[in-house]
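# Survey of secondary and tertiary structure
So the chains spell out like this:
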Amino acid sequence: MGDSSSKPVLKTPWRELKWEYHRREVLQYVKNFQPQNQEAKAIRVLLFGAVGAGKSSFINSVNNVLQGRMTDEALACAPFSSSFTKKYDSIKIKNYPIVFNDIMGLEEGDGSGIRTEDIKLALRGHVKEGYKFNPSSPLSAEDPGYISSPSISDRVHVLVCIYTANASQMKQGFLRKMKEIREAASDLGIPQLAILTHVDEACGETEKNLRNVYKSKYLKKKMGDFSSSVGIPMNRILPVKNYSKEIELNPDIDTLIMSALKLMIDFGDDYAAKL
């Protein structure tokens, strides 16, 4: 008998997930969902994170599951050193009261990537759809891309940080920007979640079998380290695999995507109900 402590996977998952049952139940839950606040036409989810973390791919993955086929609503591209998304895009999920905002990637240095000031304005609903981000100058009240009197639907209802499991230790400049954005969201009472992407690429055991995601010691440590670094509790960090190489839907990929989406909807709906 070998030493179980040296094995890359735990005997039992540290987070319980009834895979096929969970997928069916959550999909039905989302299909029946309507916001509590009738003034909120949809729950608005703002995704932010480093360049190449998988923000656009996550939106497409959610849309794939909900439409029951492969889609390409958000422009996703292979990893780049600079952000592929340049505008403030609103991706409305067809037949569902859910809107995702895809924004320019967050980069470590000043003068590159999206500015934290612009994300703060987006949280309050001041950024118009289609506004082109300028890394050297934040949006101002005089700009045509500025919404002076945002509606409840314009405002962000849940903030989601997208972080890749492949990333090395976060640099201080990046952490500082993340902290600033999270503090702005906290001041507004906006709930926050985190999505850990590329779990299959980061862990061989998960690549072999996605259902090892909550047995993987590496991924559990990665999530714990991320939680300690940015201050997001473990129960608000969800690991997912985005659709990337696949041309057909996969029920295990769907289950993780739906698990994350349900929390976004629940937290966002509770916040919107208070507005």
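Residues numbered from 1 in each chain as written. Predicted model: local features only at pLDDT ≥ 70, side-chain atom pairs only at ≥ 80, totals over all residues. Heavy atoms only, no water.

In this section: the confidence of the model for the protein chain. On average, the protein chain scores 90 in pLDDT, and the residues at 70 or more come to 92%. Considering each helix and strand of the protein chain separately, the mean pLDDT is smallest for helix α4 (residues 172–188), with a value of 91, and largest for strand β6 (residues 237–239), with 98. (pLDDT = per-residue confidence, 0-100. Helix = DSSP H or I, 4+ residues; strand = E, 2+ residues; numbered from the N terminus.)

Tracing the backbone shows K215 in the loop between α6 (204–208) and α7 (217–230). Residue K215 is classed as partly exposed on the basis of its relative accessible area of 25%. For the pair K215 and T12, spaced 203 residues apart in sequence, the C-alpha to C-alpha distance is 6.3 Å. Ignoring sequence-local partners within four residues, the contact set of K215 consists of P8, V9, L10, K11, T12 and P13. (Buried < 20%, exposed > 50% of the residue type's maximum accessible area, 1.4 Å probe, protein only. Contact = heavy atoms within 4.5 Å.)

What follows covers the pairing of strand β4 (residues 158–164). Consecutive residues of a regular strand have side chains that alternate between opposite faces of the sheet. A large share of β4 lies buried, amounting to 7 of its 7 residues. Side chains V158, V160, I162 and T164 project from β4 onto one buried face, and the interleaved L159, C161 and Y163 project onto a second face that is buried too. Bridge analysis of strand β1 (residues 43–49) against β4 gives 5 bridges, and the strand direction is parallel. If you follow V45 over to β4, its bridge partner there is V158. The pairing of β4 with strand β5 (residues 192–197) spans 6 bridges and is parallel. Across the sheet, residue C161 finds its bridge partner in β5, namely A194. Following the chain from β4 across α4 to the adjacent parallel β5, one finds a crossover that is right-handed. (Pairing = 2+ DSSP bridges. Right-handed = clockwise from strand over helix to strand, strands pointing away.)

Moving on to the pattern of salt bridges. One pass over the full model with this rule turns up 12 salt bridges. Here R23 makes a salt bridge to D254, at a shortest N to O gap of 3.3 Å. Within this pair, whereas R23 is found in helix α1 (residues 19–32), its partner D254 is found in helix α8 (residues 251–273), the two being separated by 231 residues in sequence. Using a relative accessible area of 2% as the deciding quantity, one classes D254 as buried. Residues E117 and R115 are paired through a salt bridge, measuring 3.1 Å at the closest nitrogen-oxygen approach. Look at E117 and you get partly exposed, because its relative accessible area is 31%. One connected set of salt bridges, linked through shared partners, spans D200, K241, K245 and E246. (Salt bridge = Lys/Arg side-chain N within 4 Å of Asp/Glu carboxyl O.)

The mixed open sheet is built from 6 strands, whose spatial order is β2-β3-β1-β4-β5-β6. Of all strands in the sheet, those with a lone pairing partner are β2 (89–92) and β6, marking the two edges. The sheet shows a mean angle of 25° between the axes of neighbouring strands, taken without regard to direction. Pairing between β5 and β6: 3 bridges, direction parallel. Opposite A194, over in β6, you have I237 as the bridge partner. (Axes fitted to C-alpha atoms, helices over the stretch in contact; angles between N-to-C directions.)

Using the criterion set out here, one finds 5 aromatic pairs in the structure. Centroid distance F58 to F100: 6.2 Å. Interplanar angle 85°. Geometry classified as edge-to-face. Taken together, the positions of F58 in helix α2 (residues 55–67) and F100 in strand β3 (residues 98–102) put the pair 42 residues apart, joining distant regions of the chain. Overall, F100 belongs to the buried group, its relative accessible area being 0%. Among the aromatic residues, ring-to-ring pairing joins Y88, Y131 and F133 into one connected group. Cation over ring: K18 sits above Y21, and NZ or CZ is 5.9 Å from the ring centre. Of note, K262 hangs over the ring of Y29, and the distance from its end group to the ring centre comes to 4.4 Å. (Phe/Tyr/Trp six-rings, centres within 6.5 Å; stacked < 30°, edge-to-face > 60°. Lys NZ or Arg CZ within 6 Å of the ring centre and 35° of its normal.)

Take the packing of α1 against α8 next. Geometrically, a packed helix pair is captured by the angle between its two axes and the distance between the axes. The contact between α1 and α8 brings their axes to 9 Å, and the two run at 45°. With respect to each other, α1 and α8 are oriented oblique. Every pair of crossing elements has a handedness; the one defined by α1 and α8 is left-handed. The residues of α8 that touch α1, namely those facing W19, E20, H22, R23, V26, L27, Y29 and V30, are P251, D252, D254, T255, L256, M258, S259, L261, K262, I265 and D266. Its residues placed into classes, the contact of α1 with α8 shows 10 nonpolar, 3 polar and 6 charged. (Parallel < 35°, antiparallel > 145°, perpendicular 65-115°, else oblique. Left-handed = near helix turned anticlockwise from the far one by under 90°. Nonpolar A, V, L, I, M, F, W, Y, C, P; charged D, E, K, R; others polar.)

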